[in-house]
Amino acid sequence: MGVLSNCVKPNFLGLLKCLNSLNWFIVFFSLINLSVCIYEDQIGKFDWRQTYVGRIKFSQFDTVSTAKKIIVATEENVLAALNLKTGQVVWRHVFESASTGNIQLLHVTEKVVTVSGSNPYLVRGWDSATGVLLWEWSLTLQNEDHVDFSEWWVQNNMLVHMVPIFGTHIEVTMYNVFNGQNKGASSKLPAPWTNEGCVLSAPYYTCISGDVSSGLLLSLDVTSDAVQLISRPLSEYVSLQSSYVNLSPLDGNSVIPGFTIDNRKIVIIKNNQLELLKVDVTDPSASVTVIESVNGPLVLQAWSDNDFSAVAHSVSTGSEVKELQWSDRELKLPDPEISSALCTKSSREQLVCRILVTAADDSTHLIQQDGRVVWSREEALSNVVAVEFVELPVSDLDAAIESEFDQKEGSIWAAFSRRLQTQIQQLQTIIQGLHKGEGMEEDATSPLVRDYFGLHKIIVLVTEVGKIFGMDNLSGAILWKYYEPNLDTEGVVVFTRRTARHPPNDAYLTVVGKHEESGNGLIISLNPITGALIGERLLQLDVQLLQVALLHKPDNEKLHALILLDKDENVQILPISAAPLVENMYMYVAEKTTATVHGYAILYDGKSLIAQKTWLTHLGGGPGSGHRIVTAARKAPGERVHSPGRGEIFDIDGGALVGRVNNTSLVHTDVVVATCVDAASGAVVAAQAHRRARALALAVHTEHYVAYLYYNDKHRRTEIATMELYEGKQRWLAAGAAFSSLESWRAPSVSRHAYVLPAAPSAAAATTTERSLTDKHILLALSSGAVVEVPWVYLEARRGVGPDLEGVVPPPPAPDVPLPAEARLNYNRTVARPERVYTAPAGLESTSLVLVTGLDLFYTRVAPSKTFDLLKDDFDYYLITIVLGALIVATYSTKYFASRKMLKLAWK
Amino acid sequence: MKQLISIFIAICTFCNVLCALNPLEEEVGNGRYVIEGKVFPPEEQDLGPWQVDTRIHINGGEYIGFIREDGTFVIHNVPSGSYVVEILHPDYMYEPIRVEINSKGKYRARKVNYIQTSQVIQVPYPLRLKALSKYRYFQMREQWRLTDFLFNPMVIMMVLPLLFIMILPKMMNDPETKEDFKQISNLAKMSEMPEMSEMFTTLFNRGAAAKPSTSKTKQIKKRQ
């Protein structure tokens, strides 16, 4: 409107100016169109979302409401209701990820009660059917010393909080669950017999007092008004041979308070009496619980040695229940734990049980009484730490065609016969395809072969718990899984060492992590297509690793070797035979706490590999300065910058880009410093300090530029800053000459700018495409659950400067980065708690594949410059055929009429 | 409007009374405060339980609040400071609000302005938040319209010559225009521009003569 009112000035010059500014607007709007967004009918066509809840901490069956559900509270601070029949999430509430969201208690009746946080606590009541919050009150404990050992439970609409102070007393406080009103002050029960080995099986608190030989088993109902201590000699229950006896409470919301002694004997507390059950624990690793059934309470045990088994006994008689017993060889559940169980009687007087089992690999299974798995959830995927996109192999037919062209030798006749053979094969497959088409369409799932556009890939996901998944990127279906309990996934890296392009060799993927206990390197090599271990299989190193890199040159079998730098600065290479290939290899190690970066050159001296320290940079200005590295961003190892620019030698292609740096470090105090370090030479190429700011551990580095995010404390807003490296006005090197960081004697000119980001980001990544010809967009995952695509032109320093030499007009100057709703990749499919964004190139140059991890998984594909190499999916084939047909008809008819007219004219 | 204001005041005073009645809670929390407000559902109420889908993020998820059946929310245990309160709904947009709590426990709520951070536009506290609009995530599919078809440059290119062909001969019959046309053609002759087609034909003919290999093409032409 402002522009229009300016326009009404009568003079001509003003009009021209106004037109000029309008021009800006036109450009601006055309750029907005650039931000690709999908049509409404494309929902779910290119993308999928999977919702997870995390490893289940507490669970309880909701039997009251009509739609049967399981209410779960998880280690990821999520409260959710799962459909009993399908296992899908009915409703879900995501709490804070910090300790303030920790769920301490879940209690399900008609209403769901949760206690979350850690002093102050929040007590909330939820409607179990809809998930709507009913009430909420806060509770702050005065004495913070022993809060860590506090226990919570609900009893007769009273919330009971118990804190044992070991060796002296137990503090018990009761609150009204609905409003927090205190029923009298907290009572202190004298209990000098308490120690760390005590267990709570609400409302009884049980301890072993004294040493094993003369030990007493003491139990106390902490909620009763009269203090009645149950005391029994320990020798009544166990033969006292071991030096240490441990108690453990029963799992899975046991209906009768009880515990196991030494994982062997089960003791329940009934009528204020300890009662040893006639049933022993079958397996020391078994999970034991007591469930209610029509025939009285049952003791249910589940364990897995080679096969997953369960057995149930009657509490009163000790006899085995025949209906509730199974042993399953197929199901591999490491360390199963009964999370909750429910038994009812069906109409035909049969025992119907549902048992929710959680395993050490974070998977959750709902199992029927006969051992049939109703549904499973892979909750490990709520915590993905590393992702790799892997290409699929070509189909057999395509492979045959390719091999035909590979064979150069042989006479013309041999080539001709091969040609005929392959064509017969093709014909056969077409006929087979026709036959299949006539039959049932059972084989609806697309086979695992590469598609024409290279959009079909396998996503390999490494999860925090040590489970590795292979997932189909188009459907999101899990193809294979591999669980390695010893894998500590902190700082885990995944390398594709051989793609599926080299038949007959299989694709080869390596996961490098740490051993859970020793911290030594642990290397898992597998075939990403099938999930089978290959090559080095599971390799345990006897040393801790500092840095791992992939050799850029493949060996004879097209396998890229793995170079491992260990703590003693020794170098290993896998396989050893690839050692002579090492050349021009550089590595760097950034120490987070001291803010120092070491550079190494890896050299081959004819016998073995050695790591030579080449440079050292103190980013924080020397040790003890209190600086630390918040994040280090490096270029994706396979990234092309118009030419393979990797390792230390960069090719410069025509343009004016130079000084591509491999490492950005953000150093944190009140000052945020972003430093670009050349990873080969250690030279600081550019640096930028921001005062009164807090660093966010987010930085993106591709091509010749770096973008990083920080929180500006002065203005209380998030800002995104960019640094771009240019050669400057003059060309340094001849066009096409290789750039080497070791010979660069000029500093690149750096253009930098910071923009306001009106949102709270939690992850950032840049799109990647096959040949890096397409525009780059920055993908930002926001804490609100949105994933937003920001074209790089909005972050450039030259934004608003005016058209450049090539006539590209940047968007108008503005202090902020626009985040319109159309730029949201995941529209209303919110990703809860996004953590990382991974991108991978597709076979199509225009398209980049995107996976957002966090509590949920979201996959989509983006085309930063629109799909210029693909027909639009709404391309109207009918219209074009009709137009073509009509034109042909029109041509011939006019020809006919024209000839007739000519004839008539001639007759005249 | 007046009614609204009076309701505001009533709510404010009610809250104050509540705070006065319950001073213990705030003291207990060692300088911890609550942020409260009410969220109004979007106009179209076909969403089912919108309360479940709506979350309240304080400072990008540092604190998270949930909405009760009636739309009210309370975020407990917030120390004094400045907070951005965002109401997040997958389909509806709400305006974020900055709430500042000073060390004495005084509240001030204002609109969030990331660019001019010193600008203060106060809004009432406890917060009352209404859905601004529905998010527009999707592009509209282009629909087939006759006008679009007619004004398509391709179509115009085809239709206009057709019109010329049809209308020009008719116009030629008119004697005046004939005169005009003659004048125009005379003018064109005055300039004596070499004709384009002639130029090309001479050019190509020369080229054909120079290359003996084009004899094949001639043969083909003959066959045709």
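Residues numbered from 1 in each chain as written. Chains lettered and ligands numbered in written order. Predicted model: local features only at pLDDT ≥ 70, side-chain atom pairs only at ≥ 80, totals over all residues. Heavy atoms only, no water.

So, on to the UniProt feature "transmembrane region" (unreviewed entry) in chain A. In the UniProt entry, the feature "transmembrane region" (unreviewed entry) is given for residues 877–898 of chain A. End C-alpha atoms of residues 877–898 of chain A are separated by 31 Å, and the span's content is 100% helix alongside 0% strand. (UniProt positions renumbered as here; feature names shortened; annotations may be inferred. Helix = DSSP H or I, 4+ residues; strand = E, 2+ residues; numbered from the N terminus.)

Attention shifts here to the pairing of strand β7 (residues 111–117) of chain A. All names here are of chain A. The buried fraction of β7 amounts to six of the seven residues, a majority that puts the element mostly inside the structure. With five bridges connecting them, strand β6 (residues 103–108) and β7 associate as antiparallel partners. Each bridged residue has a counterpart across the sheet, and for Ile 103 the counterpart in β7 is Ser 116. Counting the residues in the hairpin turn of β6 and β7 gives two residues. In this structure, β7 lies alongside strand β8 (residues 121–127), joined through seven bridges in antiparallel fashion. Looking at the pairing, Gly 117 lines up with Tyr 121 of β8. Counting the residues that bridge the hairpin from β7 to β8 gives three residues, and of these Asn 119 lies at a positive phi of roughly 35°. (Buried < 20%, exposed > 50% of the residue type's maximum accessible area, 1.4 Å probe, protein only. Pairing = 2+ DSSP bridges.)

The next point concerns the interface of chain A and chain B. With 47 residues of chain A at the contact, the number on the chain B side is 38 residues. Linking chain A with chain B are one salt bridge. The shortest N-O distance in the salt bridge between Arg 716 of chain A and Glu 100 of chain B comes to 2.8 Å. In this structure, the connection of chain A to chain B is made through eleven residue pairs in polar contact (both at pLDDT 80 or more). (Contact = heavy atoms within 4.5 Å. Salt bridge = Lys/Arg side-chain N within 4 Å of Asp/Glu carboxyl O. Polar contact = N/O pair within 3.5 Å; in protein donor to acceptor, adjacent residues only side chain to side chain.)

Residues and elements named next belong to chain B. Confidence in the prediction of chain B, expressed as mean pLDDT, is 75, and 72% of residues score 70 or more. This model gives residues 210–218 a pLDDT under 50, and the stretch forms one contact once residues within four places in sequence are excluded. Note on residues 220–224: pLDDT is under 50 here. Beyond four places in sequence and across chains, it has zero contacts. Both scores are given for the predicted complex: the pTM is 0.82, the ipTM 0.81. (pLDDT = per-residue confidence, 0-100.)

Moving on to the confidence of the model for chain A. All names here are of chain A. Looking at chain A, pLDDT values average 81 and 86% of them are 70 or higher. Predicted confidence is poor over residues 1–16, with pLDDT under 50, and the contacts of this stretch with residues over four places away or in other chains come to six contacts. In the predicted structure, residues 439–444 sits below a pLDDT of 50 and forms zero contacts with residues beyond four places in sequence or in another chain.

Residue and element names in this part refer to chain A. Inspection of the secondary structure puts Ala 759 in the loop between β53 (749–757) and β54 (761–766). In the structure, Ala 759 is positioned 455 residues away from Ser 304 in sequence and 48 Å away in space, judged by C-alpha atoms. Non-local contacts of Ala 759, meaning those with residues more than four positions away in its chain, are made with Thr 718, Leu 782 and Leu 819.

Residues and elements named next belong to chain B. A contiguous patch of negative charge on the surface is contributed by Asp 174, Glu 176, Glu 179 and Asp 180. Position of Asp 174 relative to the elements: it lies in the loop between α5 (153–173) and α6 (175–191). We classify Asp 174 as partly exposed; its relative accessible area is 38%. (Patch = residues over 30% accessible without salt bridge, like charges linked within 9 Å, V, L, I, M, F, W, Y side chains within 5 Å. Areas by Shrake-Rupley, 256 points an atom, 1.4 Å probe, with all protein chains shown as cover. Lys, Arg positive; Asp, Glu negative; His and termini not counted. Charge placed at Lys NZ, Arg CZ, Asp CG, Glu CD.)

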